[in-house]
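# Overview (structure and organization)
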Amino acid sequence: MQGFLNLNKPFDWTSHDCVAKVRKLLKMKRVGHAGTLDPAATGVLPIALGKATRLLQYLPGEKAYQATIRLGIQTTTDDLQGEIITSKPCPGLDLENVKTALSQFIGKIEQIPPNYSAIQVDGKRLYDLARKGEIVKVPVRTVEIFQIQLLDWRDSDFPELNVAISCGAGTYIRAIARDLGSILNTGGSLAALMRTESSGFQIPDSLTFTDLENQLQTGRFQPLAPDTPLKHLLSVNLPTVSAKKWCQGQKIALNLDIPDFVRVYETEGNFLGIGKLQDDLLIPQMVFSDLTIPSLQL
């Protein structure tokens, strides 16, 4: 079985838990995921099956979320799962000030990831260091926020706002909640998070574990094709003779000025894998011909 599963991750599951569950349900060892989600987050978790795990590095990085941010509270983890550091009611907070503060996150920004995150410093995960009480300087990273839309605003002693965020890879929504609270001088924490899009997969098309189990029991489950999340890459079609040579690891002369990774197909539409165009040559990067072209004897 090769391809992708668009999984709707349940609350309080780690991404690793989800991979382990899929391995058990599908009775296969080679399973991986793209874009780690925190246990408290739900939503789209792309799962690669079989040799499709080799395609994870080529998936697009764009993601989208719906988040609830609570103001007036600051925690050790930048969400409500952590210990409260400060708590100060801020009723009557001016909504226009909140909107102005949100606009400061649009574009390329510098962001300090949460202390409790999976980023490695000197080979150690930040969350492991944080649990041990070790103080580590978290490296600043540049991330890109494409859009933030205010969906709802609820004024109270601890106001909450719902936002829709589209962003590039590596963005921490918990850090946005924390930094918004800092700008407003209120403190802020992430109260809830659902990822609605990841690497081209959308929440309306996702499967819960219940959906997956039902489809498996009735024999209806089919993984998504290996090239499903690769539509952001341009495609190249090869005649059968050239396709066979390419699948055997040979470089193919191709007069195309596209110095980037491309999807490679045989003229019949069979997906062969990922190539890189360089110096008028199509160089094999990831070959999947044994999965999609059984007629080719390699």
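Residues numbered from 1 in each chain as written. Predicted model: local features only at pLDDT ≥ 70, side-chain atom pairs only at ≥ 80, totals over all residues. Heavy atoms only, no water.

Turning our attention to the packing of aromatic side chains. By the definition in use, this model includes five aromatic pairs. The interplanar angle of 45° and the centroid separation of 5.9 Å between the aromatic rings of Phe4 and Phe201 together place this pair among those described as tilted. Taken together, the residues span a long stretch of sequence, with Phe4 in strand 1 (residues 3-9) and Phe201 in strand 13 (residues 201-202) at a distance of 197 residues. Neither residue differs from the other here; Phe4 and Phe201 are each classed as buried. Counting every residue linked through ring pairs, the aromatic cluster contains Tyr265, Phe271 and Phe288. When the ring centre of Phe288 is taken as origin, the NZ or CZ atom of Arg54, which lies over that ring, is 5.4 Å away. (Phe/Tyr/Trp six-rings, centres within 6.5 Å; stacked < 30°, edge-to-face > 60°. Helix = DSSP H or I, 4+ residues; strand = E, 2+ residues; numbered from the N terminus. Buried < 20%, exposed > 50% of the residue type's maximum accessible area, 1.4 Å probe, protein only. Lys NZ or Arg CZ within 6 Å of the ring centre and 35° of its normal.)

Take the nonpolar core next. Of all hydrophobic cores here, the largest spans 28 residues; its most connected members are Ile69, Leu71, Leu161, Val163, Ile165, Ile173 and Leu180. Excluding residues within four positions of it along the chain, Ile69 makes contact with Pro159, Glu160, Leu161, Val163, Ala177, Leu180, Ser189, Leu190 and Ala191. (Core = buried A, V, L, I, M, F, W, Y, C linked by side-chain atoms within 4.5 Å. Contact = heavy atoms within 4.5 Å.)

Moving on, we come to the pattern of salt bridges. For the structure shown, the criterion picks out nine salt bridges. Arg178 is the salt-bridge partner of Asp179, the closest N and O atoms lying 2.9 Å from each other. Among the charged side chains, a network of salt bridges with common partners joins Arg70, Asp152, Arg154 and Glu160. (Salt bridge = Lys/Arg side-chain N within 4 Å of Asp/Glu carboxyl O.)

Next up on the list: the sheet that holds strand 18 (residues 281-287). Overall, mixed pairing links the five strands, which are arranged 14-16-17-18-15 in an open sheet. With one partner strand each, in any of the chains shown, strand 14 (235-238) and strand 15 (252-253) form the two edges of the open sheet. Relative to strand 18, strand 17 (residues 271-278) is paired through six bridges, and the arrangement is antiparallel. By the bridge assignment for strand 18, Ile274 is matched with Met286. (Pairing = 2+ DSSP bridges.)

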